[in-house]
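# Summary of structural features
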Amino acid sequence: MKKILFVVAALFAGYAYFGSQYSATPNNASTATQNQRADTSDTAIANAFANKISNLQVSGQGVVIKLLPDDNDGSRHQKFVVKLASGQTLLIAHNIDLAARVASLSEGDSIMFNGQYEWNAKGGVLHWTHLDPNRSHPAGWLQHQGKIYQ
């Protein structure tokens, strides 16, 4: 029973921490607030890249600069590269076995994201952009043209 209470408390603390930093409904934010969040997230991602930090939950936005073929080995992932306002690039690997494919995604489109950052030498990879069916990981999402994919 103590283990269950500890797990519940840890999950609640994680939800409260990440929920206070990242809004799951970015549509309601003003342009100034979105720009401030983008600057903050760009700084967090730049810091993670510079210091080779992984397993970091981040939110932000970028412009799609390259669509890549789906990765069909194991869990299927829709893959594309975004460029952040800072100029850094980020590969997004969106699990399409657990979440809907981002419909009609094109190069030049703006996309907002929330997921787990993993360091690599090319700028990093963002994954966990979906709900976790086991509820053991913070939920992520992508937002494109006003629709949230998770």
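Residues numbered from 1 in each chain as written. Predicted model: local features only at pLDDT ≥ 70, side-chain atom pairs only at ≥ 80, totals over all residues. Heavy atoms only, no water.

## Focus: the pairing of strand 6 (residues 141-144)
Residue alternation in strand 6 divides its side chains into two sets, Trp-141 and Gln-143 and Leu-142 and His-144, and both sets are buried. Sheet analysis places strand 4 (residues 110-118) next to strand 6, joined by 3 bridges and oriented antiparallel. By the bridge assignment for strand 6, Phe-113 is matched with Leu-142. As paired strands, strand 6 and strand 7 (residues 147-149) are joined by 3 bridges and run antiparallel to one another. Among the inter-strand pairings, His-144 is bridged to a residue of strand 7, identified as Lys-147. Linkage of strand 6 to strand 7, two consecutive antiparallel strands, is achieved through a turn of 2 residues, within which Gln-145 is found at a positive phi near 50°. (Buried < 20%, exposed > 50% of the residue type's maximum accessible area, 1.4 Å probe, protein only. Helix = DSSP H or I, 4+ residues; strand = E, 2+ residues; numbered from the N terminus. Pairing = 2+ DSSP bridges.)

## Here we look at the nonpolar core
By size, the foremost hydrophobic cluster in this structure holds 17 residues, and its most contacted members are Phe-80, Val-82, Ile-111, Phe-113 and Leu-142. Setting aside anything within four residues of it in sequence, one finds Phe-113 in contact with Ile-45, Val-58, Ser-59, Gly-60, Gln-61, Gly-62, Leu-84, Leu-90, Ile-92, Leu-126, Trp-141 and Leu-142. (Core = buried A, V, L, I, M, F, W, Y, C linked by side-chain atoms within 4.5 Å. Contact = heavy atoms within 4.5 Å.)

## A few points about the environment of Leu-98
Mapped onto the elements of the fold, Leu-98 is located in the loop between strand 3 (89-95) and strand 4. Here the alpha-carbon distance between Leu-98 and Arg-76, two residues 22 residues apart in the chain, equals 8.9 Å. Among all residues touching Leu-98, those that are not within four sequence positions of it are His-130, Pro-133 and Gln-150.

## Re the pairing of strand 1 (residues 56-71)
Looking at chain direction, strand 1 and strand 4 are connected through 8 bridges and run antiparallel. Bridged to Ser-59 within strand 4 is Asn-114. Direction of pairing for strand 1 relative to strand 2 (residues 77-83): antiparallel, over a ladder of 6 bridges. Among the inter-strand pairings, Val-64 is bridged to a residue of strand 2, identified as Val-82. In this antiparallel pair of consecutive strands, strand 1 and strand 2, the connection spans 5 residues, and Gly-74 shows a positive phi of 70°.

## Describing the confidence of the model for the chain
Taken over all residues, the pLDDT of the chain has a mean of 81, while the share at 70 or more is 73%. Segment residues 1-39: pLDDT under 50, and 24 contacts once partners within four positions in sequence are set aside and those in other chains are kept. (pLDDT = per-residue confidence, 0-100.)

## A closer look at the packing of aromatic side chains
Inspection of the entire model under this criterion finds 1 aromatic pair. Measuring from ring centre to ring centre gives 6.3 Å for Phe-49 and Trp-119, while their planes differ by 20°; the resulting arrangement is stacked. Of this pair, Phe-49 sits in helix 2 (residues 31-50) while Trp-119 is found in the loop between strand 4 and strand 5 (125-127), placing the two residues 70 residues apart along the sequence. (Phe/Tyr/Trp six-rings, centres within 6.5 Å; stacked < 30°, edge-to-face > 60°.)

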